[in-house]
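In case you want the letters, here they are:
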Amino acid sequence: MIRKEMIAMLLAGGQGSRLGVLTSDVAKPAVAFGGKYRIIDFPLSNCVNSGIDTVGVLTQYQPLRLNAHIGIGIPWDLDRNNGGVTVLPPYEKSANSEWYTGTANAIYQNLNYIESYNPKYVLILSGDHIYKMNYEVMLDFHKENRADVTIAAMPVPWEEASRFGLVITDDNKQIQEFEEKPEHPRSNLASMGIYIFNWSVLKEALLTMSDQSNCDFGKHIIPYCRENGRRLFAYEYNGYWKDVGTLGSYWEANMELIDLIPEFNLYEEYWRIYTKSDAIEPQYIAEDAVTERCIIGEGSEIYGEVHGSVIGSGVVVGRNSVVRDSIIMQDTVIGDNVTITKSILAENVKVGDNVELGIGEEAENKMNPSVYSFGLVTVGENSVIPSGVKVGKNTAIAGVTDKGDYPDGVLESGESIVKAGDRV
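Residues numbered from 1 in each chain as written. Predicted model: local features only at pLDDT ≥ 70, side-chain atom pairs only at ≥ 80, totals over all residues. Heavy atoms only, no water.

Caption draft 1: Region of interest: the overall build of the chain. Regarding its fold elements, the chain presents eight helices and 33 strands. Considering only C-alpha atoms, the chain reaches an extent of 65 × 50 × 45 Å along its principal axes. Each of the 424 residues in the chain was classed as buried or not, and the buried ones make up 55%. Sequence separation of 24 or more characterises 59% of the internal contacts of the chain that already satisfy a separation of 6 or more. A total accessible area of about 18,200 Å² is found for the chain, and carbon and sulfur atoms account for 45% of it. Charged side chains in the chain number 36 positive and 58 negative. The centres of these two groups are separated by 4 Å. (Helix = DSSP H or I, 4+ residues; strand = E, 2+ residues; numbered from the N terminus. Buried < 20%, exposed > 50% of the residue type's maximum accessible area, 1.4 Å probe, protein only. Contact = heavy atoms within 4.5 Å. Areas by Shrake-Rupley, 256 points an atom, 1.4 Å probe, with all protein chains shown as cover. Lys, Arg positive; Asp, Glu negative; His and termini not counted. Charge placed at Lys NZ, Arg CZ, Asp CG, Glu CD.)

Caption draft 2: Region of interest: the state of the cysteines. Tallied over the full model, the rule gives zero disulfides. For Cys225, which is in no disulfide, the shortest distance to another cysteine sulfur is to Cys215 and amounts to 10 Å. (Disulfide = S-S within 2.5 Å.)

Caption draft 3: Looking closely at the pattern of salt bridges. As enumerated under the stated definition, the model contains 16 salt bridges in all. Lys242 serves as the salt-bridge partner of Glu256, at 3.4 Å between the closest nitrogen and oxygen. Pair noted here: Glu256 is in helix α8 (residues 247-256) and Lys242 is in strand β13 (residues 241-243), with a separation of 14 residues, a long-range link. For the pair Glu256 and Lys242, one class covers both residues: buried. Two residues, Lys366 and Glu415, come together in a salt bridge whose shortest N-O distance is 2.6 Å. Of this pair, Lys366 sits in the loop between β27 (356-359) and β28 (377-379) while Glu415 sits in the loop between β32 (410-411) and β33 (416-418), and the two are 49 residues apart along the sequence. With relative accessibility at 64%, the residue Lys366 sits in the exposed group. Assessed through its relative accessible area of 25%, Glu415 is described here as partly exposed. Each of Glu177, Glu179 and Arg186 takes part in a single network of salt bridges with overlapping partners. (Salt bridge = Lys/Arg side-chain N within 4 Å of Asp/Glu carboxyl O.)

Caption draft 4: Geometry of empty space enclosed by the protein. Considering all chains together, one arrives at two cavities of 30 Å³ or more under this definition. Of the volumes computed, that of the largest cavity is approximately 50 Å³. Forming the walls of the largest cavity are Leu22, Val26, Ala30, Val31, Ala32, Arg38, Arg65, Met329, Ala346, Glu347 and Glu381. Of the residues assigned to the lining of the largest cavity, the class counts are seven nonpolar, no polar and four charged. If you add up the space inside the second largest cavity, you get close to 40 Å³. Residue lining of the second largest cavity: Ala32, Phe33, Gly34, Gly35, Tyr250, Asn254, Val310, Ile311, Gly312, Ile327, Ile328 and Met329, and that is the complete set. Of all the secondary-structure elements, those providing two or more residues to the lining of the second largest cavity are β2 (32-33), α8, β19 (310-311) and β22 (327-328). (1 Å grid on protein atoms, 1.4 Å probe; cavity = no way out; pocket = protein on both sides within 12 Å on 5 of 7 lines; lining within 4 Å. Points joined across faces, edges and corners; volume = space filled by probe spheres on them. Nonpolar A, V, L, I, M, F, W, Y, C, P; charged D, E, K, R; others polar.)

Caption draft 5: Looking closely at helix α6 (residues 199-208). Those residues of α6 lying buried are Trp199, Val201, Leu202, Ala205 and Leu206. With its buried residues spanning 160° around the axis, α6 presents them on a single face. Tucked into the core, α6 has its buried residues touching α3 (103-108), α4 (111-117), β6 (121-126), β8 (149-155), β11 (189-198) and α7 (217-227). (Arc of directions from axis to C-beta.)

Caption draft 6: View of helix α5 (residues 135-144). Within α5, burial applies to Tyr135, Met138, Leu139, Phe141 and His142. Seen from one end, α5 has its buried residues packed into an arc of 155°, which puts them on one side. Two or three places before Glu136, at the opening of α5, Asn134 has a side-chain oxygen 2.9 Å from that residue's backbone nitrogen. (Polar contact = N/O pair within 3.5 Å; in protein donor to acceptor, adjacent residues only side chain to side chain.)

Caption draft 7: The arrangement of the nonpolar core in detail. Ranked by internal contacts, the top residues of the largest apolar core, which has 74 residues, are Met133, Ile194 and Tyr250. Apart from residues no more than four positions distant in its own chain, Met133 is found in contact with Asn46, Ser50, Met138, Ala152, Met192, Ile194, Tyr235, Tyr237 and Trp271. Ranked by size, the runner-up nonpolar core spans 38 residues in total, among them Leu11, Tyr100, Leu206 and Phe217. (Core = buried A, V, L, I, M, F, W, Y, C linked by side-chain atoms within 4.5 Å.)

Caption draft 8: A look at the layout of surface pockets. In this structure, the second largest pocket occupies an estimated 750 Å³ of space. What lines the second largest pocket is a set of 31 residues, among which Lys36, Tyr37, Thr275, Lys276 and Ser277 lie closest to the centre. Broken down by element, the residue count for the lining of the second largest pocket peaks at three residues, all from helix α2 (residues 64-70). Residue classes in the lining of the second largest pocket are distributed as 11 nonpolar, nine polar and 11 charged.

Caption draft 9: Layout of the pairing of strand β31 (residues 395-398). Going residue by residue along β31, you find Thr395 and Ile397 tucked away on one face and Ala396 and Ala398 tucked away on the opposite face as well. As defined by bridge partners, β28 adjoins β31 across three bridges and the pair is classed as parallel. Looking across to β31, one finds that Thr378 is bridged to Ala396. Relative to β33, β31 runs parallel, the two sharing three bridges. Of the residues in β33, the one forming a bridge with Ala398 is Val418. (Pairing = 2+ DSSP bridges.)

Caption draft 10: Looking closely at the sheet that holds strand β14 (residues 284-285). Strands sit in the order β14-β17-β20-β23-β26-β29 across an open sheet of six strands; the sheet is parallel. Of all the strands in the sheet, just β14 and β29 (384-385) have a single pairing partner and so form its edges.

Caption draft 11: View of the packing of α6 against α7. Interhelical geometry of α6 versus α7 gives an angle of 120° and a closest axis separation of 10 Å. You can see that α6 and α7 cross each other, and the crossing is right-handed. The segment α6 lies against α7, with Val201, Leu202, Glu204, Ala205, Leu206 and Thr208 engaging Phe217, Ile221, Tyr224 and Cys225. Per-class residue counts for the contact of α6 with α7 are eight nonpolar, one polar and one charged. (Axes fitted to C-alpha atoms, helices over the stretch in contact; angles between N-to-C directions. Left-handed = near helix turned anticlockwise from the far one by under 90°.)

Caption draft 12: Inspection of the side chain of Ser45 at higher detail. Within the element layout of this structure, Ser45 appears in helix α1 (residues 41-49). With a relative accessible area of 0%, Ser45 lands in the buried category. Not counting the four nearest positions on each side in its chain, Ser45 is found in contact with Trp76, Arg272, Ile273 and Tyr274.

If you want it as structure tokens, here you go:
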């Protein structure tokens, strides 16, 4: 095996509970984004564009869609005999069998994989952020500072700082302290969950801290390295970065793609985002259809109106139907005379005729108010909404529903219909 200078370990096992019914049957990194992509495409493309040709993808929760999407890595040029992409699920050992119980524990359980390449550096990534970053530049920073650990960090608004792990640095960007979600923050430089470790340093820390419950980088490995005199530095990043871990941030990030001058540009030639693309027929826009400021995927058929929305591939929007400020994922079929406002419809949803989504005043969701908010209608994949019903805001629908599930034909704002077996 040829020794690699740096390999990447991509943590993609999260269930994404704050995305509610969107992640009932799919891991968060495999959720569709931008009409054409999946969330994991962004860190994978960053690796390829940064010259990293060896990536271990650690999966756990609902891995089927993610595994099928990654395959052998052809879209990212990661189908290599030496290196390439390798999917790393938890596996049964001779002594015991254990799920990944924390971010660092997941890496610890794959020490043999890393050791097989004997890298000088290991890059740790999360599989559920939207951004573009040249990891090669970060590695140069790491080398120049003779760092043992480099943490990518970015300034966040002070009022949001307590939500993040924060680094406190000196004038040379050497980290003096690390605070995990402090109540009274002393810094607004937030860790992005992107780390470069010297392999020898990471290995020692993982072996030493392996008995920690739910061993985690922010809570265990980083503090251990600092307390043991390792050189920790913060690599400051000032580009676009979005944690799409909530329905609000996910919807917002998609809507930003269709701004007149998008802050996050999917069309740059020098930093392309790669994805697995199926051979699909061209989109069809009917003669009397209306499309305005939107993304429309291949194979979609638009007979009605689409305004300020992101439409995936193979979607049908029926006659006299109007879609506004919404995300419609692939293979969803919307009937005739439908009005959809500020909604997220997952893959393969069927919406009957004469339906209205996103009506009325907002009300707090009774089932899970911390998830189903932002004024959105959220519909899980493979769901069916019958003809002639009306659905309010801050609502969730999952499963095959019929007219009897909607009292007087209405799902009021703040209410939910989640059929048995669909996670909330």
